[in-house]
Amino acid sequence: MSGGTIVVIANQKGGVGKSTTAINLGAGLALQDERILIVDLDPQGNTSSGLGVDRGAIESSTYDVLVGGVDVSDVLEPTSVKGLHVVPATIELAGAEIELVSMFSREHRLRQALQSVVEEYDFVLIDCPPSLGLLTINGLAAADEVLIPIQCEYYALEGVSQLTRNIDLVRGSLNPELEIEGVVLTMFDGRTKLSADVVAQVREHFGETTYRTVIPRTVRLSEAPSYGEPIEAYDDMSRGAIAYRELAREFRRRHGRA
């Protein structure tokens, strides 16, 4: 697919920092003059509200794009960060899994929809729900690359082998170009041996694919979404803001843009 690079942020485990990473990596890249579109594919809509979108006032959403064939450009919303737009999600999206089942080319609905806007952005980030259903399959089928957040907690790698198997299946049948772009370690607590052990375990498992930048567990990072702001706007000198700035720089270097 020509134009910008489409990166899906996926892990079927909940609470690993997918939305936090979508919001703050997206904002970090936009602040480094990249044009960014975030597609919220999670019916919970945490990414949308975390970027200040009033979900009660949304007239059309990712649901309308996937199920109704509405043009992405008619759905995207601006955010408080210059150069960062979002296609918001509402709870309606929960029904899309069922409605998509009977649709023609159901796994490629998002891929087809993004073709009309992908050239207008440097990167499109897709935030997936914590499951391996049709919404996540649409994200994987639409993307060039997968970014996997893994939290520094017990059972961190549990489910990751299932996710990598699914990525292989999607590569085999729907999207042969799909690559694992990287693994981001999140919720790191420097006071515990467990966090350090998980970092070592993930680096051993994924090698160079693992980002050097590790995202700490901080109160400020968990507070920012309730104010509808990326961490950069909420507290730009916090440890979380510094980490996501560095992650954005590392991400750009990997893509030959720094």
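Residues numbered from 1 in each chain as written. Predicted model: local features only at pLDDT ≥ 70, side-chain atom pairs only at ≥ 80, totals over all residues. Heavy atoms only, no water.

**Description of helix H8 (residues 193-206)**
Move 1: For H8, with 14 residues, the first-to-last C-alpha span of 20 Å sits near the 20 Å given by 1.5 Å per residue.
Move 2: For H8, the full list of buried residues reads Ser195, Val198, Val199, Val202 and Phe206. Each buried residue of H8 sits inside an arc of 105° when the element is viewed along its axis, so together they form one side. Among the exposed residues of H8, those pointing more than 90 degrees away from its buried face are Lys193 and Glu204.
Move 3: Looking at the packing, one finds that the buried side of H8 touches strand E6 (145-151), helix H7 (160-173), strand E7 (179-188) and strand E8 (210-216).
Move 4: Where H8 terminates, the next one or two residues include glycine 207, which has phi positive at roughly 60°. (Helix = DSSP H or I, 4+ residues; strand = E, 2+ residues; numbered from the N terminus. Expected span 1.5 Å × (residues − 1). Buried < 20%, exposed > 50% of the residue type's maximum accessible area, 1.4 Å probe, protein only. Arc of directions from axis to C-beta. Contact = heavy atoms within 4.5 Å.)

**Some thoughts on the pattern of salt bridges**
Between side chains of opposite charge, a pair can form as their charged atoms come close.
Move 1: Across all of its chains, the model carries 15 salt bridges by this definition.
Move 2: One salt bridge in this structure joins arginine 245 and glutamate 232, with 2.7 Å as the shortest N-O distance. Within this pair, whereas arginine 245 is found in helix H11 (residues 239-254), its partner glutamate 232 is found in helix H10 (residues 231-234), the two being separated by 13 residues in sequence.
Move 3: Salt-bridge contacts for arginine 249 lead to glutamate 246; the nearest nitrogen and oxygen are separated by 3.2 Å. Here arginine 249 pairs with glutamate 246, and both are found in helix H11, just three residues apart, close to one helical turn.
Move 4: Linked by salt bridges that have partners in common, Glu34, Arg35, Asp122, Arg252 and Arg257 make up one network. (Salt bridge = Lys/Arg side-chain N within 4 Å of Asp/Glu carboxyl O.)

**Side note on the packing of aromatic side chains**
Move 1: Enumeration according to the criterion identifies three aromatic pairs in this entry.
Move 2: Ring geometry for phenylalanine 123 and phenylalanine 251: centres 5.0 Å apart, planes at 70°, overall edge-to-face. Of this pair, phenylalanine 123 sits in strand E5 (residues 123-127) while phenylalanine 251 sits in helix H11, and the two are 128 residues apart along the sequence. Each of the two residues, phenylalanine 123 as well as phenylalanine 251, counts as buried.
Move 3: Taking the centre distance of 6.3 Å and the plane angle of 45° together, the rings of tyrosine 154 and tyrosine 155 count as tilted. The same class applies to tyrosine 154 as to tyrosine 155, namely exposed. (Phe/Tyr/Trp six-rings, centres within 6.5 Å; stacked < 30°, edge-to-face > 60°.)

**A few points about the side chain of aspartate 127**
Move 1: Relative to the elements of secondary structure, aspartate 127 occurs in strand E5.
Move 2: With no salt bridge to any partner, buried aspartate 127 finds its closest opposite charge in lysine 18, at an N-O distance of 6.1 Å.
Move 3: When neighbours within four sequence positions are excluded, aspartate 127 is seen to be in contact with Ile9, Lys18, Ser19, Ala22, Val39, Asp40, Leu41, Asp42 and Thr47. (Lys, Arg positive; Asp, Glu negative; His and termini not counted.)

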